[in-house]
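# Observations on the three-dimensional arrangement
Take a look at the letters that make up each chain.
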Amino acid sequence: MIGRVCGTGSYLPIRTVSNDELSHVMETSDEWIRERTGIRFRHVALEETTSDMAAEAAARALKNGEVNADEIELILTATSSSDVIYPSAACIVQKRIGAQNALAFDLNGACSGFVIAFNTAQAYIRAGIYKTILVVGAESMSRLVDWSDRSTSVLFGDGAGAAVFELCKDAPYEHVVGVRGDTLIRVGGPCREQRMTMDGQAVFRFAVTTIPQCVNELCQKAGVTPDDVDWVICHQANVRILDASIRRLGMPAEKFYRNLDRYANTSAASIPLALDEMREKGLLQSGQRIILVGFGGGLTWAGVMMEV
Ligand code: ACO
């Protein structure tokens, strides 16, 4: 038994902020940000809360999957930027979409959060506990970054993505995970004023080692080669991280989906946002083998290989 994604949805804040706009409030430039990261602009939640975005993405995923809210038995929201400690973002989603039969809780796996939640959903389905699960990744990173730190604040954006899983009798599925209790990326400080600090270059080295390692391990576990993989959807942090990983793997760059030029790093939301965008564009075809790779604060990493 396995859970198969039967519907996806996403939500992006209405307000976009370009690199040029940032250059009016801090010492930076469009050229520096584009060259070092590939980011052109990002969405910033001025009106929306993390829960607003999560609930909207969730409602769209239900609609896309033609699943009724009362069929959902579990809601997992991956976030490191919930509006309050409780009610959790997942509980607010539960109420907003009217999923009256669902248990709901948040999971904080930083930028790996969606893939960790994905694996958690699979574990519940494999154990025969639930058949229909909603997994959401939602972040308001603009509220966590220190806007006086130009080397970190320009990298992030806000948004949410969601996927509905339904029990399916037989489908290939592999996963890998890892944790290294390191503080290269940290969100800390007095309560309500927690801000992010990051050693960018060390995180870069961590990411370009972790992505190829995850892809290779997943292929080995599944008894396939990277040639047999149709798509790799990595956490969208930096185009140079993606390019270096692609070079190390020797895989065609076209197999790596990228959209971070428009969204920047949306942490736990980046992979479900990409999944939903790819579905909308008709890029995901039944039977394709895809890999998801998340990596980030913790440090954590998580990967899955599945069939669409
Ligand atoms: N605009 C202009 N100049 C800047 C900016 C900016 N926004 N930020 C830093 N600089 C300056 C620095 O002050 C430094 O100036 P100096 O040479 O006078 O001292 C210069 O640019 C070079 O700085 P570096 O830090 O060496 O730049 P680097 O090439 O390493 O790029 C970056 C920095 C983009 C952060 C890179 O290290 C990186 O992408 N790391 C990965 C970070 C990441 O993606 N993290 C997220 C993954 S995990 C997660 O998602 C939470």
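To be clear, the structure that these remarks concern was listed above.
Summarised in this report is the structure supplied together with it.

On to the nonpolar core, then. The biggest cluster of nonpolar side chains holds 47 residues, and the ones touching the most others in it are Val215, Val232, Ile291 and Phe295. Contact partners of valine 232, with chain neighbours within four places excluded, come to Val215, Met251, Lys255, Phe256, Tyr257 and Ile291. Core analysis: the second largest hydrophobic core is formed by 33 residues, Tyr130, Ile271, Ala274 and Val304 among them.

Residue position: asparagine 119 is located in helix α5 (residues 113-126). Setting aside residues no more than four positions away along its own chain, asparagine 119 makes contact with Tyr173, His175, Val177, Gly303 and Val304.

Take the site of the ligand next. Close to the ligand lie 22 residues, the nearest being Arg36, Cys111, Gln201, Asn238 and Asn265. Between the ligand and the protein, one listed contact pairs a nitrogen atom with a side-chain N or O atom of threonine 28 at 2.7 Å. Within the side chain of asparagine 265, an N or O atom sits 2.7 Å from an oxygen atom of the ligand. Here the ligand has 1,000 Å² of accessible area as a free molecule, and 74% of this is covered by the chains. Those elements that provide at least two residues to the shell around the ligand are α2 (30-37), α6 (150-153), α7 (200-222) and α8 (239-249). Of the residues that constitute the shell around the ligand, the class distribution is 9 nonpolar, 9 polar and 4 charged.

Let's shift gears to the packing of aromatic side chains. For the structure shown, the criterion picks out 6 aromatic pairs. Ring centres 6.3 Å apart and planes at 65° place the aromatic pair phenylalanine 114 and phenylalanine 118 in the edge-to-face group. Remark: phenylalanine 118 and phenylalanine 114 occur in helix α5; sequence separation between them is 4 residues, near one turn of the helix. For phenylalanine 118, a relative accessible area of 0% corresponds to the buried category. Judged by centre distance (6.4 Å) and plane angle (15°), the ring pair of phenylalanine 118 and tyrosine 173 falls under stacked. With a gap of 55 residues between them, phenylalanine 118 in helix α5 and tyrosine 173 in strand β8 (residues 173-179) connect regions that are remote in the sequence. For the residue pair phenylalanine 118 and tyrosine 173, the accessibility class agrees, reading buried in each case. Through successive ring pairs, a cluster of aromatic residues spans Phe114, Phe118, Phe165 and Tyr173. The ring of tyrosine 263 has arginine 262 sitting right over it, with the charged end atom 5.1 Å from the ring centre.

A word on unusual backbone geometry. For the peptide bond that leads from tyrosine 86 to proline 87, omega is 5°, which places it in the cis range. For proline 87, the position within the fold is in the loop between β4 (74-78) and α4 (89-97). Residue leucine 299 is bonded to the preceding glycine 298 through a cis peptide linkage, with omega at -20°. By the element assignment, leucine 299 lies in the loop between β12 (289-296) and β13 (300-307). Unusually for a residue other than glycine, alanine 264 sits at a positive phi of about 60°.

A word on the pattern of salt bridges. Counting across every chain of the model gives 11 salt bridges. With a closest N to O distance of 2.8 Å, arginine 279 and aspartate 276 form a salt bridge. With arginine 279 and aspartate 276 both in helix α10 (residues 270-280), this residue pair falls 3 residues apart, about one helical turn. Overall, the relative accessible area of 6% leaves aspartate 276 in the buried class. One network of salt bridges, with partners in common, ties together Arg40, Asp261, Arg262 and Glu277.

The strands making up a sheet are joined through hydrogen bonds of the backbone, oriented either antiparallel or parallel. Spatially, β1-β7-β6-β4-β5 is the arrangement adopted by the 5 strands of the open sheet, whose pairing is mixed. The open sheet has two edge strands with one neighbour each: β1 (2-11) and β5 (103-107). Averaged over all adjacent pairs, the angle separating strand axes in this sheet is 20°, with direction ignored. Direction of pairing for β4 relative to β5: parallel, over a ladder of 5 bridges. From the neighbouring strand, leucine 74 faces β5, where its bridge partner is leucine 103. Of the strands in this sheet, β1, β6 (132-140) and β7 (158-168) are in contact with helix α3 (residues 50-65), which crosses β1 at around 125°. Packing against the sheet, α4 makes contact with β4, β5 and β6, and its axis sits at approximately 130° to β4.

Interhelical geometry of α7 versus α8 gives an angle of 45° and a closest axis separation of 9 Å. Between α7 and α8, the angle is such that the two are oblique. Both α7 and α8 take part in a crossing whose hand is right-handed. In this structure, α7 contributes Phe204, Ala207, Val208, Thr209, Ile211, Pro212, Val215 and Asn216 to the contact, and α8 contributes Arg240, Ile241, Ala244, Ser245, Arg248 and Leu249. Residues of the contact of α7 with α8, tallied by class, amount to 9 nonpolar, 3 polar and 2 charged.

Parameters and conventions
- The residue count restarts for each chain, going from 1 along the sequence in the order it is written.
- For this predicted model, a pLDDT threshold of at least 70 governs which residues receive local features, and a threshold of 80 or more governs which side-chain atom pairs are given and counted, while totals over whole chains, interfaces and linings are taken from all residues.
- Water and hydrogen atoms play no part in the side-chain values, which are based on all heavy atoms of the structure.
- Each nonpolar core is a collection of buried residues, namely Ala, Val, Leu, Ile, Met, Phe, Trp, Tyr and Cys, held together in the definition by side-chain atoms within 4.5 Å.
- Exposure is judged per residue with a 1.4 Å probe applied to protein chains only, and the accessible area is read against the type maximum: over 50% gives exposed, under 20% gives buried, and values in between give partly exposed.
- Contact definition: two residues touch when any of their heavy atoms are within 4.5 Å.
- The way it works is that DSSP assigns letters per residue, a run of H or I at least four long becomes a helix, a run of E at least two long becomes a strand, and they are numbered from the N terminus.
- Any residue with a non-hydrogen atom lying within 4 Å of a molecule or strand is treated as near it.
- Pairs of N or O atoms within 3.5 Å make up the polar contacts considered here, provided that, within protein, one atom can donate a hydrogen while the other can accept it, and that residues adjacent in sequence are counted only when both atoms are side-chain atoms.
- Computed with a 1.4 Å probe, the accessible areas rest on the Shrake-Rupley method; for each residue, only the protein chains presented here act as cover.
- Residue type decides the class: Asp, Glu, Lys and Arg count as charged, Ala, Val, Leu, Ile, Met, Phe, Trp, Tyr, Cys and Pro as nonpolar, and the leftover types, Gly among them, as polar.
- In summary, the pairing rule links any two rings of Phe, Tyr or Trp, Trp by its six-membered ring, whose centres are within 6.5 Å, and it sorts them by plane angle into stacked for under 30 degrees, edge-to-face for over 60 and tilted for everything else.
- A ring has a charge above it when a Lys NZ or an Arg CZ is no more than 6 Å from the ring centre and no more than 35 degrees off the ring normal.
- We define a salt bridge as a contact between a side-chain nitrogen of Lys or Arg and a carboxyl oxygen of Asp or Glu at a distance within 4 Å.
- DSSP-based pairing: two strands are paired if at least 2 bridges between them are found.
- Convention adopted: a line fitted to C-alpha atoms gives each axis, helices being fitted over their contacting stretch, and angles between N-to-C directions are expressed from 0 to 180 degrees.
- Here the angle decides the label: under 35 degrees means roughly parallel, over 145 means roughly antiparallel, 65 to 115 means roughly perpendicular, and every other value means oblique.
- Handedness of a crossing follows from how the near helix is turned relative to the far one, being left-handed for an anticlockwise turn of less than a right angle and right-handed for a clockwise one.

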